[in-house]
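Examination of the molecular architecture
Each chain is listed here by its residues.
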Amino acid sequence: MKLVVHPAVDADRLEALRSAAPEAEWINAVSSSEAQAAMPGVDGFLGKITPAMLARADRLRWVQSFTASLEHYLFPALAAHPCVLTNTRGLFGDVIADQVMGYVLCFARNLHTYVERRIERRYEPEGGESARVDFASGPGVVNAMDRATIYLPRATMGVIGMGGIGCEVARRALAFGMTVRGVDRFPDRVSPPSGVDRVDGLNGLEDLLTWSDFAVIAAPHTPETEGLFDAKILAALRPSTYLINVGRGAIVVLDALVAALRAGSLAGAALDVYEVEPLPPGHPLWSFPNVILTPHTAGYSPVVAERHRALLVDNVRRFVRNEPLLNVVDKALWF
Ligand SMILES: NC(=O)C1=CN([C@@H]2O[C@H](COP(=O)(O)OP(=O)(O)OC[C@H]3O[C@@H](n4cnc5c(N)ncnc54)[C@H](O)[C@@H]3O)[C@@H](O)[C@H]2O)C=CC1
Ligand SMILES: O=C(O)C(=O)CO
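With an unreviewed UniProt entry as reference, the chain is termed Glycerate dehydrogenase, source organism Paludisphaera borealis.

Encoded structure:
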């Protein structure tokens, strides 16, 4: 059994992988030419395979991607190849869902606005001076306190892509008392947490968007999702709805989003991923006070590296024992 890792991993990680298949010949290839030269006779490949490497592989049965997303990874010959492809989806669910709830709480409680006002030393409630409550003036003041906030147990959340991330988002939204629905490419294959109202197929997308107070995109970038959120789909959102994207940037057409924000046809947006990364400093999105922008950091956490390593070790162990691999990719989705 011959296994190639490329790009090369550090000595600790290599040792962990090796311990899962000590009898295998391991090649930790630093350069792509080294990886290419090692391909004849390779059974399994971990990392970033290229068309030139694949062309030299004569008995490859398994390729493990180091990432969850595959839009910069899959190429036609790999999709057509009989090898099993696995990825690292599922490592980020709880971490990214925490970040999504961070955005939701900002919008529901205006926290992002008050962070900006602190910088300006402005003691002013959202809703303007008329929303200021004089707490010394006795009963009745509470009537002014319903302004410009969202009470989450009365709010709805629609999740687009009910996989590892989408289901964890749903779980948290339910814990905050929200009503949650989803759409997915494969509604019959997903395992939503109990309490989710329903999960529809893709033909339910526009209805879901019209229903949602918060619409959360947690889908992958595939030919089907690229540019999916164009002007037509964004028009399904209500002026009171917030759009959140933690899936992939290519799913939301930013020019269309900017136009919709200018027209006030949605309440605001929180984005972690963009059509172009990094988002250029001159991009109009930076100027909207009702937009939260994070630099593709929703998945950052000390636990992710540990989980990444554990998943790879587990899959190596499964591969050498001929057991079913974790995170098998449906290559047909991409071509
Ligand atoms: N913001 C970030 O830092 C990160 C973003 N991601 C992105 O999030 C995506 C989802 O990750 P996971 O939940 O772990 O993957 P997953 O594979 O568990 O879930 C993806 C779900 O989306 C569904 N789906 C596929 N095509 C769809 C479509 N056209 N419309 C609606 N749903 C569709 C799938 O059926 C699946 O249920 C990844 O593909 C990656 O692009 C992943 C990790 C970090
Ligand atoms: O693995 C991925 O797809 C990521 O976005 C990591 O942040």
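Enumeration over the complete set of coordinates arrives at 18 salt bridges. Among the salt bridges present, the one from R59 reaches D43, with a minimum N-O distance of 3.0 Å. One end of the pair, R59, is in the loop between α3 (51–55) and β4 (62–64); the other, D43, is in the loop between α2 (32–38) and β3 (44–47), with 16 residues separating them in the sequence. Relative accessible area serves as the criterion here: at 5%, D43 is assigned to the buried category. Between D43 and R61 there is a salt bridge, with its nearest N and O atoms 3.5 Å apart. Taken together, the positions of D43 in the loop between α2 and β3 and R61 in the loop between α3 and β4 put the pair 18 residues apart, joining distant regions of the chain.

So, on to unusual backbone geometry. At the junction of H6 and P7, the peptide bond is cis and its omega measures out at -5° in the coordinates. Tracing the chain through its elements places P7 in the loop between β1 (2–6) and α1 (11–20). Across the junction of E277 and P278, the peptide omega takes the value -5°, indicating a cis bond. As for its position among the elements, P278 is in the loop between β11 (268–271) and β12 (291–293). One non-glycine residue, N110, lies in positive phi territory at about 60°. Along the chain, N110 turns up in the loop between α5 (93–109) and α6 (111–120).

Quick look at the site of ligand 1 now. In the region of ligand 1, 27 residues are neighbours, and R89, G164, I165, D184 and D272 sit closest. The separation between an oxygen atom of ligand 1 and a polar main-chain atom of I165 is 2.9 Å. Burial of ligand 1 by the protein chains amounts to 90% of its free accessible area of 860 Å². By residue class, the composition of the shell around ligand 1 is 12 nonpolar, 9 polar and 6 charged. Built from parts of two domains, the shell around ligand 1 gets at least three residues from each of domain 1 (2–91 + 302–320) and domain 2 (93–110 + 149–293).

Domain boundaries in the chain define domain 1 (2–91 + 302–320) and domain 2 (93–110 + 149–293). The interface is formed by 7 residues belonging to domain 1 together with 5 residues belonging to domain 2. Both faces combined, the contact of domain 1 with domain 2 buries some 440 Å², and carbon together with sulfur accounts for 45% of it. The three residues of domain 1 that bury the most area against domain 2 are S69, E71 and R307, which together make up 68% of that side's buried surface.

This brings us to the side chain of H6. Positionally, H6 belongs in strand β1. Polar contacts involving the side chain of H6 include one to the main-chain carbonyl oxygen of A29, which spans 2.8 Å. Not counting chain neighbours up to four residues away, the residues in contact with H6 comprise A29, V30, S31, S32, A35, F45, L46, G47, K48, M53 and F66.

Around ligand 2, the neighbouring residues are T67, A68, S69, F92, R248 and H296. At 2.8 Å, a side-chain N or O of S69 approaches an oxygen atom of ligand 2. Within the side chain of H296, one N or O atom sits 3.1 Å away from an oxygen atom of ligand 2. A total of 230 Å² of accessible area belongs to ligand 2 in isolation, and the protein chains cover 74% of it. Classifying every residue of the shell around ligand 2 by side-chain character gives 2 nonpolar, 3 polar and 1 charged.

Right, let's talk about the packing of aromatic side chains for a bit. If you walk through the whole model with that rule in mind, you get 3 aromatic pairs. Ring plane angle 40° and centroid distance 4.9 Å describe the contact between W62 and F319, whose orientation is recorded as tilted. Linking W62 in strand β4 with F319 in helix α11 (residues 302–320), this pair joins segments that are 257 residues apart in sequence. Counting every residue linked through ring pairs, the aromatic cluster contains F107, F214 and Y242. Sitting over the ring of F186, R189 keeps its end group 3.8 Å from the ring centre.

So, on to α1. All of the buried residues in α1 are R13, L14, A16, L17 and A20. For α1, the angular spread of the buried residues around the axis is 160°, confining them to a single face. Exposed side of α1, more than 90 degrees from the buried face: A11 and D12 are the residues found there. The inward-facing, buried residues of α1 contact β1, β2 (25–28), β3 and α11.

Right, let's get into the packing of α1 against α11. At their nearest, the axes of α1 and α11 sit 8 Å apart, and the two run at 30° to each other. As judged from the angle between their axes, α1 and α11 are roughly parallel. By crossing handedness, the relation of α1 to α11 is classed as right-handed. The residues of α11 that touch α1, namely those facing D12, R13, A16, L17 and A20, are A305, H308, R309, L312, V313, V316, R317 and V320. Of the residues that constitute the contact of α1 with α11, the class distribution is 8 nonpolar, 1 polar and 4 charged.

About the criteria used
- Here the residue index of a chain counts from 1 through its sequence in written order.
- Note on labels: chains are lettered from A, ligands numbered from 1, in written order.
- For this predicted model, a pLDDT threshold of at least 70 governs which residues receive local features, and a threshold of 80 or more governs which side-chain atom pairs are given and counted, while totals over whole chains, interfaces and linings are taken from all residues.
- Think of the side-chain values as coming from all heavy atoms in the structure, minus any hydrogens and water.
- Whenever a carboxyl oxygen of Asp or Glu lies within 4 Å of a side-chain nitrogen of Lys or Arg, that contact is scored as a salt bridge.
- Helix and strand labels come from DSSP, where a helix needs a run of H or I of at least four residues and a strand needs a run of E of at least two; each type is numbered from the N terminus.
- When accessible area is computed with a 1.4 Å probe and restricted to protein chains, residues below 20% of their type maximum are described as buried, those above 50% as exposed, and intermediate ones as partly exposed.
- Here a residue is near a molecule or strand as soon as one of its heavy atoms is found within 4 Å of it.
- Any pair of nitrogen or oxygen atoms within 3.5 Å is treated as a polar contact; in protein, a donor-acceptor pairing is required on top of that, and neighbouring residues in sequence qualify only through side-chain atoms on both sides.
- Every accessible area reported is derived by Shrake-Rupley at a probe size of 1.4 Å, with residue values counting cover from the shown protein chains alone.
- Polar here means any residue outside two lists: the nonpolar Ala, Val, Leu, Ile, Met, Phe, Trp, Tyr, Cys and Pro, and the charged Asp, Glu, Lys and Arg; Gly therefore counts as polar.
- As annotated, the domain borders come from an automatic or database domain assignment.
- Contacts are assigned to residue pairs with any non-hydrogen atoms lying within 4.5 Å of each other.
- When two parts are put together, the accessible area they lose, computed with a 1.4 Å probe and summed over both, is reported as buried area.
- Stacked, edge-to-face and tilted are the three classes for Phe, Tyr and Trp ring pairs, Trp counted by its six-membered ring, which pair at centre distances within 6.5 Å; planes under 30 degrees apart are stacked, over 60 edge-to-face, the rest tilted.
- Note on criteria: charge over ring means Lys NZ or Arg CZ within 6 Å of the ring centre, with the direction from the centre no more than 35 degrees off the ring normal.
- For this quantity, the arc is that covered by the directions from the helix axis to the C-beta atoms.
- Here an angle of 0 to 180 degrees is reported between the N-to-C directions of two axes, which are lines fitted to C-alpha atoms, with helices fitted over the stretch in contact.
- Just so you know how the angles are binned, under 35 degrees is roughly parallel, over 145 roughly antiparallel, 65 to 115 roughly perpendicular, and the rest oblique.
- The crossing is said to be left-handed when, going from far helix to near helix, the turn is anticlockwise and less than a right angle, and right-handed when the turn is clockwise.

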